[in-house]
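Each chain, written out:
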Protein chains: 2
Amino acid sequence: MGSNETTQRITMTPAARRVIEAAERLFYERGIHAVGVDLIAAEAGVTKKTLYDRFGCKEQIVVEYLADRDERWRVFLADHMNAAGPTPAARVLAVFDAARAWAAQHGHKGCSMVNAHAEISDPAHPAYPIITGQKRWMLTLFTDLAGEIAPEQAGRLGRALMLLHEGALVAEGLSIFPDAIGQAREQAQAVLAAA
Amino acid sequence: MGSNETTQRITMTPAARRVIEAAERLFYERGIHAVGVDLIAAEAGVTKKTLYDRFGCKEQIVVEYLADRDERWRVFLADHMNAAGPTPAARVLAVFDAARAWAAQHGHKGCSMVNAHAEISDPAHPAYPIITGQKRWMLTLFTDLAGEIAPEQAGRLGRALMLLHEGALVAEGLSIFPDAIGQAREQAQAVLAAA
DNA sequence: CACACAGTATACCGATCTGTATAGTGAAGG
DNA sequence: CCTTCACTATACAGATCGGTATACTGTGTG
């Protein structure tokens, strides 16, 4: 649950966890191609031998990095939505609140999926379905919530919320204006009120 | 006009132009760090000596790549906006039409500025002001147009249009749903109508 | 006890990376 | 005529890349 079923995963030993944690920090901050496996191993306090015993290749570290982020984001989001109660409008706004809290915790460099996509050209890359899978999942989430508010406009409303959300992550990452996610939340509220 | 004034530019000889053209294609498709200067030189039909005589270092190629894209986008956008006439609402919609036409011409991998930002960690990087400069310029454009429609809401409307626009580029790049830019255009129309 | 297994430490491989050096060509311009 | 300059061709340097090899340690379990 959370990660794509067709994606191959690895055994999560303690050393493997430290590798993922180091990779998440480094990949997100500096980019995937800019970070070498030697650095990841050093930052994780793990030898390259161990790293390759667990992951096999760098590509797999990227896969685990994205799958782990995706998984943690969905748990994080579920917590925020549950705390917001059953009202669909409140749950929509909770998504934006979750995004803001997530950015505060994990850094303001935009969406790791979008950033990874910028560096991955091949659609056959094993990380590809994780990236597109998360985005499609988010669209479904928005569309389902929109359907509880205005069933006959679910598609249009869901896509509008998705556009605002993605735009907010980019604007927040590039610091185009202050509190971009909060601004998007306001706009989402207006869109729902109009429907 | 178009590019940042503080950014250092190079002499555009024919060989330099071919380098930029090759770099634009390769950087956008595969990412900046994934593309080496040897490949750029080969694709441009230029020796590495010439490449380094013109640009000095790879970083400068990145700068010219982004500055050139920015410049060409602004011209492209100006053409579309002028063709749309003087009505501010029509000019706003023309931005989305221009974005759609641009994507059709240049490929659907999202915004090159956003993608470049994913690979550039250091804010002191010479390409940084080009990236943020373009986004701030776009926000000003939207805000100014919004000011002609509803002066007292210019800020909020401008930011809303910006969010929709950035979201559209991401959604288009990741193919989350068909014609994301067109959907954003519709949403922009609704936002303007409500104001 | 023996064995599997997660781990350390270190050295190495071939490829590729950014960037430089050397030598020479062809054309424009005072 | 001779300098300047944009360019080709090729070879190379030093670093770093992803990935492998060898040898060993500690620990828990059948």
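Predicted, not measured: the structure shown is a model, and the values here were computed from it. (Residues numbered from 1 in each chain as written. Chains lettered and ligands numbered in written order. Predicted model: local features only at pLDDT ≥ 70, side-chain atom pairs only at ≥ 80, totals over all residues. Heavy atoms only, no water.)

Moving on, we get to the protein's contact with DNA strand C. In the vicinity of DNA strand C there are 19 residues, among which A:Ala15, A:Thr50, B:Val37, B:Asp38 and B:Lys48 approach most closely. Of everything in DNA strand C that lies within 4 Å of the protein, sugar and phosphate atoms constitute 57%. Within the backbone of A:Ala15, an N or O atom sits 2.7 Å from a phosphate oxygen of DNA strand C. Every element with two or more residues in the surface near DNA strand C is listed here: helix H1 (14–30) and helix H3 (48–55) of chain A together with helix H2 (37–44) and helix H3 (48–55) of chain B. (Near = heavy atom within 4 Å. Polar contact = N/O pair within 3.5 Å; in protein donor to acceptor, adjacent residues only side chain to side chain. Helix = DSSP H or I, 4+ residues; strand = E, 2+ residues; numbered from the N terminus.)

Moving on to the protein's contact with DNA strand D. For DNA strand D, the set of nearby residues contains 18 residues, the closest of which are A:Lys48, A:Lys58, B:Thr13, B:Ala15 and B:Thr50. Expressed as a percentage, the sugar and phosphate content of the atoms of DNA strand D within 4 Å of the protein is 60%. In the environment of DNA strand D, a phosphate oxygen lies 2.7 Å from a nitrogen or oxygen atom belonging to the backbone of B:Ala15. Taking B:Thr47, its main chain carries an N or O atom lying 3.4 Å from a phosphate oxygen of DNA strand D. Breaking the surface near DNA strand D down by element, the ones donating at least two residues are H3 of chain A together with helix H1 (14–30) and H3 of chain B.

Turning our attention to the relation of the copies chain B and chain A. Expressed as a screw operation, the relation of chain B to chain A combines 0.0 Å of axial shift with a rotation of 180°, fitting to an RMSD of 0.0 Å. Seen this way, the second copy is the image of the first under a two-fold rotation axis. If distances are taken from each C-alpha of chain B to the rotation axis, the shortest is found for B:Gly167, at 1.8 Å. Taken together, the interface assignments show that 100% of the residues at the interface of chain B recur at the interface of chain A, consistent with an identical surface on both copies. (Least-squares fit on C-alpha atoms with pLDDT ≥ 70 in both. Contact = heavy atoms within 4.5 Å.)

All right, on to the interface of chain B and chain A then. Listed by partner, the interface residues are 38 residues for chain B and 38 residues for chain A. Contact between chain B and chain A buries roughly 3,300 Å² in total, counting both sides, with carbon and sulfur atoms accounting for 71%. Together, B:Leu163, B:Leu174 and B:Ile176 form the three largest contributors to the area buried by chain B at its contact with chain A, with a combined 20%. Applying the counting criterion to the chain B and chain A interface returns zero salt bridges. For the side of chain B that touches chain A, the secondary structure elements donating two or more residues are H1, helix H6 (112–119), helix H7 (128–149), helix H8 (154–174) and helix H9 (180–194) of chain B. When residues of the side of chain B that touches chain A are assigned to their parent elements, the largest contribution, 13 residues, is made by H8(B). In the side of chain B that touches chain A, the residues fall into 19 nonpolar, 10 polar and nine charged. (Buried area = accessible area lost by both parts, 1.4 Å probe. Salt bridge = Lys/Arg side-chain N within 4 Å of Asp/Glu carboxyl O. Nonpolar A, V, L, I, M, F, W, Y, C, P; charged D, E, K, R; others polar.)

So, about the UniProt feature "DNA-binding region" (unreviewed entry) in chain A. With numbering matched to this structure, UniProt assigns "DNA-binding region" (unreviewed entry) to residues 36–55 of chain A. Helix makes up 80% of residues 36–55 of chain A and strand 0%, with an end-to-end C-alpha separation of 14 Å. (UniProt positions renumbered as here; feature names shortened; annotations may be inferred.)

Attention now moves to the pattern of salt bridges. The full count for this structure, using the stated rule, is 30 salt bridges over all chains. The salt bridge partner of A:Asp38 is A:Lys48, with a shortest N-O separation of 3.3 Å. You can see A:Asp38 sitting in helix H2 (residues 37–44) and its partner A:Lys48 sitting in helix H3, a full 10 residues away along the chain. You can call A:Asp38 partly exposed: its relative accessible area is 48%. Across the salt bridge formed by B:Asp70 and B:Arg74, the nearest N and O atoms sit 3.0 Å from each other. A residue pair is termed a helical-turn pair when its members lie 3 or 4 positions apart in one helix, as B:Asp70 and B:Arg74 do in helix H4 (residues 58–83) at four residues. (Buried < 20%, exposed > 50% of the residue type's maximum accessible area, 1.4 Å probe, protein only.)

Turn by turn, an α-helix covers 3.6 residues, leaving residues three or four places apart pointing in a common direction. Over its 15 residues, helix H9 (residues 180–194) of chain A runs 21 Å from end to end, which matches the ideal 21 Å to within 8%, given 1.5 Å per residue. Burial in H9(A) covers these residues: A:Ala180, A:Ile181, A:Gly182, A:Gln183, A:Ala184, A:Gln187, A:Ala188, A:Val191 and A:Leu192. Looking at the buried side of H9(A), the elements it contacts are helix H5 (88–106), helix H7 (128–149) and helix H8 (154–174) of chain A together with H8 and H9 of chain B. (Expected span 1.5 Å × (residues − 1).)

The UniProt record marks residues 13–73 of chain A with the feature "domain: HTH tetR-type" (unreviewed entry), using the residue numbering of this structure. Secondary structure content for residues 13–73 of chain A is 80% helix and 0% strand, and the end C-alpha separation is 21 Å.

A few words on the packing of aromatic side chains. Residues and elements named next belong to chain A. Taken as a whole and assessed by the stated rule, the structure comprises 10 aromatic pairs over all chains. Ring plane angle 40° and centroid distance 6.1 Å describe the contact between Phe96 and Phe142, whose orientation is recorded as tilted. Of this pair, Phe96 sits in helix H5 while Phe142 sits in helix H7, and the two are 46 residues apart along the sequence. A relative accessible area of 1% means that Phe96 is categorised as buried. Since its relative accessible area comes to 0%, Phe142 is described here as buried. Chaining the aromatic ring pairs together yields one cluster made of Trp73, Phe76 and Trp102. (Phe/Tyr/Trp six-rings, centres within 6.5 Å; stacked < 30°, edge-to-face > 60°.)

Let us look at the environment of B:Gly56. Residue and element names in this part refer to chain B. Within the fold, Gly56 resides in the loop between H3 and H4. Judged by relative accessible area, which is 48%, Gly56 ranks as partly exposed. Once the C-alpha coordinates of Gly56 and Gly31 are considered, the two residues, 25 residues apart in sequence, prove to be 20 Å apart.

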